[in-house]
Amino acid sequence: MAAIGATPDGGVTRLALTAEERRAMDLVRGWMEEMGLETRRDAVGNLFGAWRPAGVQGAPVMTGSHVDSVPHGGRYDGTAGVVTALAAVRALQQAGHVPSRPIEIAVFTGEEASRFPVGLLGSTAVTRGLTEEELDRVDAGGVRLRDALPDPAGLDAARIPPGGVAAFLEVHIEQGRVLEDAGVPVGVVTGIAGPAFFRGWLRGAADHAGATPMPLRRDALAGAAEFVLAAEQIARSTGPTTVATVGWLRPHPGAGNVIPGLCEFSLDLRDIDLDTRDRAEAALREALAGIAARRGLEWGLEETHRVDPVTVPGWLVDVLERVAAEAGVPTIRLPSGAAHDAMMMARVAPSGMLFVRCRDGRSHTPEEYAAVEDLTAAADVLAGALAMLTAEEAVGASG
Ligand SMILES: [Zn+2]
């Protein structure tokens, strides 16, 4: 897999809907067919491989991830979830497990928003559906998303119908340092943080930096600086899974001898719990309004993107922890700060995730690394969970 789209620095570049992603999908498809899975590719390019032994019917338990990457990305992001899915299903086949319902491996198209500005492309297409506006978005070369799809006319038919998937599981590298710090190979994800992105501004007066005494200033950048620190404090004090980031500040006019009369800024707020995120958002608005009032500034905070967080059902967390304990794999619970295909799949099926420890938490870089032993441990837990979920009358039985 790592040879497809390999970069000289040891990473990979496999962008959505390119020849590289297609070659990676074709390689996986070959492995699926060697395992006797029924394969198909849908209108958005998603690859599915179903293990459906004779006489086995019903909505499948699905597992998988993606094989596209960011430019100069790593070998494990996405691919780890596809390879562990293949390994888990093969282990079940070799162990003589007879599933009560099909087990289907999914390889979603374009999880990264690197080529087209639409993340979670394949999983969105089959769950929420793509909007006309999203289909009209273009890549850096001016290619429209709809023109890059294998079958844009077939998008409606590609949607997963209600009840079409019994449960979804995704293995993914953690992309953070929590597991490494805890010294455990595998994490059971309790929820996926929903992002709320904003563009904000503070407006004062641009005046001469030498001729304006301090009490007469209305410095927008100084106000924004205060807000950056307030955002940090609010995220720390709202909840253990709340994170808030001001990623850029744009002071105007941006001259060394002019008091900034306007400062624009970004705000990225996430939590796995919607009520907590709402409380943090209210506190952030209050803080911004307070700073503006004290400093005689005008302010604004406009939402640019908002996705609700996903809570993994408690019974599914229990299943994953129980099979991990049986397999002798130590785990801890943790939230996912990043978005994943499981987030979209949660709209149509109970969805859970396993995180794999990755070195120094590095990701989206060629230095990305997860040990084979840790990936194997995750595949063991996944196999156990798939077995439990495809035992007679399993899915949803405990909740
Ligand atoms: Zn990923």
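Basis of the calculations
One numbering rule holds for all chains: residues counted from 1, following each sequence as written. Residue-level local features of this predicted model are given only where pLDDT is at least 70; pairs of side-chain atoms are given and counted only at 80 or more, and the full residue set underlies all totals for whole chains, interfaces and linings. Here the side-chain values reflect all heavy atoms present in the structure, with hydrogen atoms and water set aside. Here the coordinating atoms are restricted to nitrogen, oxygen and sulfur within 2.8 Å of the metal centre, or 3.2 Å for Na, K and Ca, and because water is not among them the sites may look incomplete. Elements are defined by DSSP. Helices are runs of H or I of four residues or more, strands are runs of E of two residues or more, and each kind is numbered from the N terminus. Domain limits in this description derive from either an automatic procedure or a database domain assignment. Using a 1.4 Å probe, buried area is obtained as the accessible area two parts lose upon being combined, added over both of them. Throughout, the ten residues Ala, Val, Leu, Ile, Met, Phe, Trp, Tyr, Cys and Pro are labelled nonpolar, Asp, Glu, Lys and Arg are labelled charged, and all others, Gly among them, are labelled polar. One less than the number of residues in a helix, times 1.5 Å, gives the span that helix is expected to have. Burial classes: relative accessible area under 20% of the type maximum marks a residue as buried, over 50% as exposed, and values in between as partly exposed (1.4 Å probe, protein chains only). As used here, the arc belongs to the directions running from the helix axis to the C-beta atoms. A contact between two residues is defined here by any heavy atoms of the two lying within 4.5 Å. Here, a salt bridge means any Lys or Arg side-chain nitrogen found within 4 Å of an Asp or Glu carboxyl oxygen. The pairing criterion is simple: DSSP has to find at least two bridges between the two strands. Interaxial angles span 0 to 180 degrees and are taken between N-to-C directions of axes, which are lines fitted to C-alpha atoms, for helices over the stretch in contact. In this scheme, roughly parallel covers angles under 35 degrees and roughly antiparallel covers those over 145, while 65 to 115 is roughly perpendicular and the rest are oblique. Each crossing gets its handedness from the near helix: less than a right angle anticlockwise from the far helix is left-handed, clockwise is right-handed. To pair, rings of Phe, Tyr and Trp, with the six-membered ring standing in for Trp, must have centres within 6.5 Å; the planes then decide the type, stacked if under 30 degrees apart, edge-to-face if over 60, and tilted in the middle. Think of it this way: Lys and Arg go in the positive column, Asp and Glu in the negative one, and His and the chain ends go nowhere.

J.: Is there a simple way to think about the coordination of the zinc ion in this case?
T.: Metal coordination angles have textbook ideals: 109.5 degrees for a tetrahedral set of four donors and 90 or 180 degrees for an octahedral set of six. The protein atoms that coordinate the zinc ion are His66 (NE2), Asp77 (OD) and His172 (NE2), at distances of 2.0 to 2.1 Å. Here the donor residues of the zinc ion share one chain and are spaced in sequence as H-x10-D-x94-H. Here Asp77 is found in the loop between strand S3 (61–66) and helix H2 (79–94), whereas its partner His172 is found in strand S5 (residues 167–173), with 95 residues between them in sequence.

J.: What exactly am I supposed to notice about the domain arrangement of the protein here?
T.: Many descriptions give the size of an interface as the accessible area lost when the pieces come together. Assigned domains of the protein: these are domain 1 (19–192 + 310–389) and domain 2 (194–306). Here domain 1 and domain 2 have C-alpha centroids that lie 36 Å from each other. Surface buried jointly by domain 1 and domain 2 totals about 430 Å² across both partners, of which 62% is contributed by carbon and sulfur atoms. Elements that contribute at least two residues to the side of domain 1 that touches domain 2 include exactly strand S6 (186–192), strand S12 (310–311) and strand S13 (331–336). At 3 residues, S6 tops the list of elements feeding residues into the side of domain 1 that touches domain 2. Broken down by class, the residue content of the side of domain 1 that touches domain 2 amounts to 5 nonpolar, 5 polar and no charged.

J.: When you look at helix H8 (residues 220–238) in this model, what are you seeing that I'm missing?
T.: Side chains of residues three or four places apart in an α-helix project in the same direction, reflecting 3.6 residues per turn. Relative to the 27 Å expected for 19 residues at 1.5 Å per residue, H8 spans 26 Å between its end C-alpha atoms, a close match to the ideal helical length. Those residues of H8 that sit buried are Ala220, Gly223, Ala224, Phe227, Ala230, Ala231, Ile234, Ala235 and Thr238. Buried residues of H8, seen end-on, are gathered within an arc of 135 degrees and therefore sit on one face of the element. More than 90 degrees from the buried face of H8, the exposed residues found are Leu229, Arg236 and Ser237. On its buried face, H8 sits against strand S7 (194–203), strand S8 (243–245), strand S9 (249–252), strand S10 (262–271) and helix H9 (274–295).

J.: Sorry, what's going on with the pattern of salt bridges here?
T.: Opposite charge on two side chains permits them to pair, given that their charged atoms come into close proximity. All chains considered together, the criterion is met by 23 salt bridges. In this structure, Arg40 engages Glu104 in a salt bridge whose closest nitrogen and oxygen atoms are separated by 3.5 Å. One end of the pair, Arg40, is in strand S1 (residues 38–41); the other, Glu104, is in strand S4 (residues 103–108), and 64 residues separate them in sequence. For Arg40, a relative accessible area of 41% gives the class partly exposed. Here the salt bridges share partners, and the residues they tie into one network are Glu132, Asp136, Arg144, Arg146 and Asp147.

J.: Sorry, what's going on with the pairing of S4 here?
T.: A regular strand carries its side chains on alternate faces of the sheet. Across the 6 residues that make up S4, a large majority, 6, are buried. Burial along S4 is two-sided: the residues Ile103, Ile105 and Val107 and Glu104, Ala106 and Phe108 are all buried. With 5 bridges connecting them, strand S2 (residues 47–51) and S4 associate as antiparallel partners. Residue pairing for S4: Trp51 is matched across the bridge by Ile103. Pairing between S3 and S4: 6 bridges, direction parallel.

J.: When you look at the packing of H8 against H9 in this model, what are you seeing that I'm missing?
T.: How two helices pack is summed up by the angle between their axes together with the distance between the axes. Two elements in contact, H8 and H9, have axes whose closest approach is 9 Å; the angle formed by their N-to-C orientations is 150 degrees. Considered as vectors, H8 and H9 are oriented roughly antiparallel to each other. In this structure, H8 meets H9 at a crossing whose hand is right-handed. Counted together, Ala222, Gly223, Glu226, Phe227, Ala230, Ala231, Ile234 and Thr238 of H8 and Thr276, Arg279, Ala280, Ala283, Leu284, Ala287, Leu288, Ile291, Arg294 and Arg295 of H9 form the full contact between these two elements. Each residue belonging to the contact of H8 with H9 can be placed in one class, and the counts come to 11 nonpolar, 3 polar and 4 charged.

J.: Looking at this model, I keep getting lost on the packing of aromatic side chains. Mind explaining?
T.: In this description, an aromatic ring pair is defined by two values, namely the gap between the centres and the angle between the planes. In this structure the tally under the stated criterion is 4 aromatic pairs. Relative to Tyr369, the ring of Tyr76 has its centre 5.9 Å away and its plane inclined at 75 degrees; by these criteria the two rings are edge-to-face. One end of the pair, Tyr76, is in the loop between S3 and H2; the other, Tyr369, is in the loop between strand S14 (351–356) and helix H12 (372–389), and 293 residues separate them in sequence. We classify Tyr76 as buried; its relative accessible area is 17%. On the basis of an interplanar angle of 55 degrees and a centroid distance of 6.0 Å, the ring pair of Phe108 and Phe168 is categorised as tilted.

J.: Sorry if this is basic, but what is going on with the side chain of Asp219 here?
T.: Note on placement: Asp219 falls in the loop between S7 and H8. Buried charge Asp219 goes without a salt bridge, the closest partner of opposite sign being Arg217 at 5.2 Å. Setting aside its immediate chain neighbours within four residues, Asp219 contacts Ile259, Pro260, Arg295 and Leu297.

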